[in-house]
Amino acid sequence: MKETISVIVPVYNEEESIPILYRSLKDVLDRMGSPYEIIFVDDGSEDRTPLILEEIHRGDERVVVLTFRRNFGQTAALVAGFDHARGDIIITMDGDLQNDPEDIPRLLEMMEDYDVVSGWRVNRKDPFLTRRLPSMIANWIISRVTGLRLHDYGCTLKAYRREVIENIKLYGEMHRYIPAVAKWAGARVGEVETTHHPRRFGRSKYGLSRTIKVILDLITIRFLQSFSTKPLHAFGLLGIILGGSGFLISLYLTMEKLLFGQDIGGRPLLLLGVLLIILGVQFIGMGLLGEMLVRIYHESQGKPIYILKRVMRRE
Ligand code: UDP
Ligand code: MG
């Protein structure tokens, strides 16, 4: 039996693009012959997007439409799509015609050997200075920090095996890090060259400021990955080293005072000793706080990061 495919398309004010995208997407998917569904997630659009989606849904039972109450951002939209997807293989793509549905067959072909296949916009059609250059730097940093080398973390056109998605929690601008997180969990991650088109309608929703958010999110996921299971081990070790050396320094000064009657009140070393002890206690305290947070985090899992207004899905 052929694997079923879910294509998730987050859209925010893309009224002109959606009908064209829907037709070419349907064309490609019909040609491939696998069972499929297309999930449009309307991320609180203020234009005619909701009406257009409703019309498409009415004419095609394989189109699922999720409508957000307000704009929650692309990551939240993708997560909503993941939550409602029923396919064995999940494909995400942009709704502004910048990704090309014609790349999907190649992505799926690669999925025979991988759990995640990430698109690489070799000829990216976005402004150089504000988009491509920051993104090149970001991709380099992300590759170094995560240990998974990808040319283009930011490309939304990606394919995932459903099990990979099911165990990943996302928020902020984190959807781009799924391949890295999946890789940490042991998934096989591949990369495939994809076509990229300039934006034809509407405006890009992002500027330079996103790169900064992307890097901040990188710190979070890296931190969560290495410290979230045992924060006390990470902070506590530093605390013991700092506090321990502070204790030794103070012990040494105490000996000098008690055994040799030396005046230690004006010694800079005294300050250092005290400082190190305080720092050590602080770090251990932070580790314990971290332990508490980890516990709360695990207990509160399952909390959604979006509010759905309605779900249009035909049974
Ligand atoms: N998008 C979204 N919510 C947002 C911003 C963007 O669902 O808050 C969608 C948008 O409609 C598009 C995709 O995410 O389908 C990528 O956005 P955009 O094309 O503006 O990003 P760029 O291609 O400029 O990086
Ligand atoms: Mg775009």
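See the structure printed just above.
Residues numbered from 1 in each chain as written. Chains lettered and ligands numbered in written order. Predicted model: local features only at pLDDT ≥ 70, side-chain atom pairs only at ≥ 80, totals over all residues. Heavy atoms only, no water.

*Asks:* Which parts of the structure should I look at to understand the overall build of the protein chain?
*Replies:* Assigned secondary structure in the protein chain consists of ten helices and eight strands. Relative to its length of 315 residues, the protein chain is extended, with a C-alpha radius of gyration of 26 Å against a globular reference of 20 Å. Overall size of the protein chain, expressed as C-alpha extent along the three principal axes, is 95 × 40 × 40 Å. By the burial criterion, 46% of the 315 residues in the protein chain qualify as buried. Surface accessibility of the protein chain: about 16,700 Å² in total, with carbon and sulfur atoms responsible for 60%. The average position of the 41 basic charges and that of the 39 acidic charges among the side chains of the protein chain differ by 4 Å. (Helix = DSSP H or I, 4+ residues; strand = E, 2+ residues; numbered from the N terminus. Rg over C-alpha atoms; globule rule 2.2 N^0.38 Å. Buried < 20%, exposed > 50% of the residue type's maximum accessible area, 1.4 Å probe, protein only. Areas by Shrake-Rupley, 256 points an atom, 1.4 Å probe, with all protein chains shown as cover. Lys, Arg positive; Asp, Glu negative; His and termini not counted. Charge placed at Lys NZ, Arg CZ, Asp CG, Glu CD.)

*Asks:* Where do I start with the site of ligand 1 in this structure?
*Replies:* Glu14, Asp43, Asp96, Ser204 and Lys205 are the nearest of the 18 residues found near ligand 1. One nitrogen or oxygen atom from the side chain of Asp43 is found 2.6 Å from a nitrogen atom belonging to ligand 1. In this structure, an oxygen atom belonging to ligand 1 sits 3.1 Å away from a side-chain N or O atom of Asn71. When isolated, ligand 1 has an accessible area of 530 Å², and the protein chains bury 96% of it. Of the residues assigned to the shell around ligand 1, the class counts are four nonpolar, six polar and eight charged. (Near = heavy atom within 4 Å. Polar contact = N/O pair within 3.5 Å; in protein donor to acceptor, adjacent residues only side chain to side chain. Nonpolar A, V, L, I, M, F, W, Y, C, P; charged D, E, K, R; others polar.)

*Asks:* Sorry if this is basic, but what is going on with the sheet that holds strand β8 (residues 308–312) here?
*Replies:* Within a sheet, each strand pairs with its neighbour through backbone hydrogen bonds, oriented either parallel or antiparallel. Here eight strands make up an open sheet; going across it, the order is β7-β5-β6-β4-β1-β2-β3-β8 and the pairing mixed. Every other strand in the sheet has two partners, leaving β7 (189–194) and β8 as the edge strands with one partner each. Between one strand axis and the next, the sheet turns by 20° as a mean value, whatever way the strands run. With four bridges connecting them, strand β4 (residues 89–92) and strand β6 (residues 158–161) associate as antiparallel partners. Residue Thr92 lies in a different strand from β6, and its bridge partner there is Lys158. (Pairing = 2+ DSSP bridges. Axes fitted to C-alpha atoms, helices over the stretch in contact; angles between N-to-C directions.)

*Asks:* What should I look at first to understand the pattern of salt bridges in this one?
*Replies:* Scanning the entire structure with this criterion turns up 18 salt bridges. For the salt bridge of Asp103 with Arg106, the shortest nitrogen-to-oxygen distance reads 2.7 Å. Measuring nitrogen to oxygen at the nearest pair gives 3.5 Å for the salt bridge that ties Asp115 to Arg161. Linking Asp115 in the loop between α4 (104–110) and β5 (116–121) with Arg161 in strand β6, this pair joins segments that are 46 residues apart in sequence. (Salt bridge = Lys/Arg side-chain N within 4 Å of Asp/Glu carboxyl O.)

*Asks:* Before we go on, may I ask you to explain the environment of Asn13 in this structure?
*Replies:* Here Asn13 shows up in the loop between β1 (5–11) and α1 (17–32). Taking the C-alpha atoms as reference points, Asn13 and Glu163, 150 residues apart in sequence, are found 31 Å from one another. Among residues more than four places away in sequence, those in contact with Asn13 are Ser45, Glu46, Asp47, Thr49 and Lys205. A distance of 2.6 Å separates the side chain of Asn13 from the backbone nitrogen of Glu46, its partner in a polar contact. (Contact = heavy atoms within 4.5 Å.)

*Asks:* Hey, could you run me through the coordination of the magnesium ion (ligand 2) in this one?
*Replies:* When four donors bind a metal tetrahedrally, each ideal donor-metal-donor angle is 109.5 degrees, and when six bind octahedrally, the ideal angles are 90 or 180 degrees. Looking at the metal site, the magnesium ion (ligand 2) is ligated by Asp96 (OD) and Gln98 (OE1), spaced 1.9 Å from it. For Asp96, a relative accessible area of 4% gives the class buried. (Donors = N, O, S within 2.8 Å, 3.2 Å for Na, K, Ca; no water.)

*Asks:* Would you mind showing me how to read helix α10 (residues 268–299) here?
*Replies:* Every α-helix carries 3.6 residues per turn, so stepping three or four residues along brings you back to the same face. The terminal C-alpha atoms of α10 lie 47 Å apart, and with 32 residues this matches the ideal 46 Å at 1.5 Å per residue to within 8%. Those residues of α10 not exposed but buried are Gly273, Leu276, Gly280, Phe283, Gly287, Gly290 and Val294. Residues of α10 that are buried sit in contact with α9 (231–260). (Expected span 1.5 Å × (residues − 1).)

*Asks:* I keep staring at the nonpolar core and nothing clicks. Help me out?
*Replies:* Where a protein is soluble and globular, its nonpolar side chains tend to be buried together. Counting 37 residues, the largest nonpolar core has Ile8, Val41, Phe68 and Phe82 as the members making the most contacts within it. Of all the elements in the fold, those that place two or more residues in this core are β2 (36–42), β3 (63–68), α3 (74–84), α5 (128–146), α6 (162–166), α7 (178–184) and α8 (209–227). Setting aside anything within four residues of it in sequence, one finds Val41 in contact with Ile8, Val9, Pro10, Val11, Leu66, Phe68, Ala77, Ala80 and Gly81. In terms of nonpolar packing, the next biggest core, distinct from the first, is built from 33 residues, Ile5, Leu29, Met111 and Val117 among them. (Core = buried A, V, L, I, M, F, W, Y, C linked by side-chain atoms within 4.5 Å.)

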